[in-house]
Amino acid sequence: MIGREGRETRRNAPRTAVSESYVRSLPKAELHLHLEGSVGPDRLLALARKYGTEYASLSAAALTEKLYRYGSLHEFLGAFKVVCQHVRGKEDYGDILEDLAESLLRQGVFYAEIIYSPSIPWIWGRDGREILRHLLKTGARFEEKGLVIRWVLDCVRQFGVEAAWRTARLAAEHRGRGVVALGMGGDELSLPLTEYRDVFLWAKAHEIYIHVHAGEIGEPDQVWSALKDLGANRIGHGVQAARDPRLIEYLREHAVGLDVCLTSNLRTRAWAPLSQHPFPLLYRRGVPVTLNTDDPGLFQTSLTQEYLKASRIFGLTARDLQRIALQAVRCSFLPHEAKMAHMQRIQDQVGLG
């Protein structure tokens, strides 16, 4: 059965839409990717059976129907919580990372900034630091296969300032060892960002990049607060910025990137239908936008599919996708020399002058 999104994509697809094989061959970076959100139904079912939870007796199809359908962001966050309750030991986290890394390699992804929230295991009495160290060791093994993984340690907004301080100190402890940024995720309609100002100023003073979820479902002033109060170097989502012309101009002039996650916005109803999504407006206005999956397991998507949707729904050409791929490298938290090398690699492979 073809759903609303499928009908919309087919109806708006230009005849010159790029092929899946082309998108897979395009070297890509992904900047907005929650580790816990990469858990698909098969992996969750395996964890449910490992720990004997209430979901252990379900089939993968029944589990998908029960947990992987959302009508709002809050429904999605409920499913995300269930997944996190099943990911317990460091071995579970390592297995999830291996699944994710292999998937990224198959899609031509050479660099990924993965978001991990240590406060989630902490609230259940588990060792978030030990899990991080296991993730760093597991991720490093994929560099020889061609995938560089860096980490954003995410504060969960509704968990409060004390948990954010603990996360910031862990990020500083592992800066230069794989951790590149301190993030702020969670429910942007909960605590105001101003409560976290001291935490993020401290992180910036320790030369840690700042990544803030804002403007997903909240007003454009959430993005302004992320920029002015927390000093965000990049914004997660940020699509509500399209409602504020002055903010669009600020993002363009200051080259602040927005991690756009099309399927995520559709599935949580943050912005639907996709035919009315502001991505093409932001792109044409010169805002640095990138394409990302957010939670590929929970949203049943991939970076390849996100590029294909952008092409088919918004009429983006191969050259547009090449520029977006280059933009992702430029917006990353890589050192300047590494950015230049990766951007040259993309240009050499696709022949972009």
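Presented here is a report on the structure given in the accompanying data block. (Residues numbered from 1 in each chain as written. Predicted model: local features only at pLDDT ≥ 70, side-chain atom pairs only at ≥ 80, totals over all residues. Heavy atoms only, no water.)

Turning our eyes to something else, we now look at the sheet that holds strand E6 (residues 234–237). Read from one edge of the open sheet, eight strands run E1-E2-E3-E4-E5-E6-E7-E8, paired in parallel fashion. Both outer strands of the open sheet, strand E1 (28–34) and strand E8 (289–291), are each paired with one neighbouring strand and no more. Strand after strand, the sheet turns through a mean of 25° between neighbouring axes, direction not considered. Bridging between strand E4 (residues 179–185) and strand E5 (residues 209–214) involves four bridges; their strand directions are parallel. In the sheet register, Ala181 faces E5, and the bridge partner there is Tyr209. The strands touched by helix H9 (residues 161–173) are strand E3 (148–156) and E4; relative to E3, the strand with the most contacts, the crossing angle is about 160°. (Pairing = 2+ DSSP bridges. Helix = DSSP H or I, 4+ residues; strand = E, 2+ residues; numbered from the N terminus. Axes fitted to C-alpha atoms, helices over the stretch in contact; angles between N-to-C directions. Contact = heavy atoms within 4.5 Å.)

At the junction of Ala272 and Pro273, the peptide bond is cis and its omega measures out at 0° in the coordinates. Residue placement: Pro273 occurs in the loop between helix H13 (262–267) and helix H14 (279–284). Not every positive phi belongs to a glycine, and Glu207 is a case in point at roughly 60°. Among the secondary structure elements, Glu207 is positioned in the loop between helix H10 (197–205) and E5. Of the residues examined, Glu207 reaches a relative accessible area of 58% and is grouped as exposed. One non-glycine residue with positive phi stands out, namely Arg269, at about 65°. (Buried < 20%, exposed > 50% of the residue type's maximum accessible area, 1.4 Å probe, protein only.)

For the rest of this paragraph, the subject is helix H18 (residues 336–350). Between its terminal C-alpha atoms H18 stretches 21 Å, which fits the 21 Å expected from 15 residues at 1.5 Å a residue. Listed in full, the buried residues belonging to H18 are Lys339, His342, Met343 and Ile346. Buried residues of H18, seen end-on, are gathered within an arc of 100° and therefore sit on one face of the element. Turned more than 90 degrees from where H18 packs its buried face, Glu337 and Asp348 sit exposed. Those residues of H18 that are buried lie in contact with strand E2 (109–116) and helix H17 (318–331). (Expected span 1.5 Å × (residues − 1). Arc of directions from axis to C-beta.)

Here the focus is the pairing of strand E7 (residues 257–260). Side-chain alternation along E7 places Gly257 and Asp259 on one buried face and Leu258 and Val260 on a second face that is also buried. Relative to E7, E6 is paired through three bridges, and the arrangement is parallel. Across the sheet, the residue bridging to Arg234 is Gly257, located in E7. Crossover connection from E6 via helix H12 (residues 245–253) to parallel E7: handedness right-handed. (Right-handed = clockwise from strand over helix to strand, strands pointing away.)

The next thing to look at is the nonpolar core. Counting residues in each nonpolar core, the largest one holds 114 residues, and the members touching the most others are Trp151, Leu182, Leu227 and Phe279. Beyond its immediate stretch of four places on either side in the chain, Trp151 contacts Leu35, Leu97, Ile114, Tyr116, Leu135, Leu136, Gly178, Val179, Val180 and Ala181. Within the second largest apolar cluster, five residues are counted, among which are Ile115, Val152, Ala181 and Phe333. (Core = buried A, V, L, I, M, F, W, Y, C linked by side-chain atoms within 4.5 Å.)

What follows concerns the environment of Ser264. Tracing the backbone through its elements, the reader meets Ser264 in helix H13. What makes Ser264 buried here is its relative accessible area of 1%. Each C-alpha atom of the pair Ser264 and Thr301 lies 8.9 Å from the other, and the pair is 37 residues apart in sequence. When residues no more than four places from it in sequence are discounted, the contact partners of Ser264 are Glu216, His237, Thr293, Asp294 and Phe299.

Under the criterion given, the structure shown has 18 salt bridges. Two residues, Arg133 and Glu173, come together in a salt bridge whose shortest N-O distance is 2.8 Å. Of this pair, Arg133 sits in helix H8 (residues 128–140) while Glu173 sits in helix H9, and the two are 40 residues apart along the sequence. Taking the relative accessible area as the measure of exposure, Arg133 reaches 40% and is therefore partly exposed. Taking relative accessible area as the criterion, Glu173 reaches 29% and is therefore assigned partly exposed. Arg234 is the partner of Asp259 in a salt bridge, and the nearest nitrogen-oxygen pair spans 2.8 Å. Within this pair, whereas Asp259 is found in strand E7, its partner Arg234 is found in strand E6, the two being separated by 25 residues in sequence. Looking at Asp259, the relative accessible area reads 0%, which means it is buried. (Salt bridge = Lys/Arg side-chain N within 4 Å of Asp/Glu carboxyl O.)

Any functional reading would require information that these geometric values do not contain.
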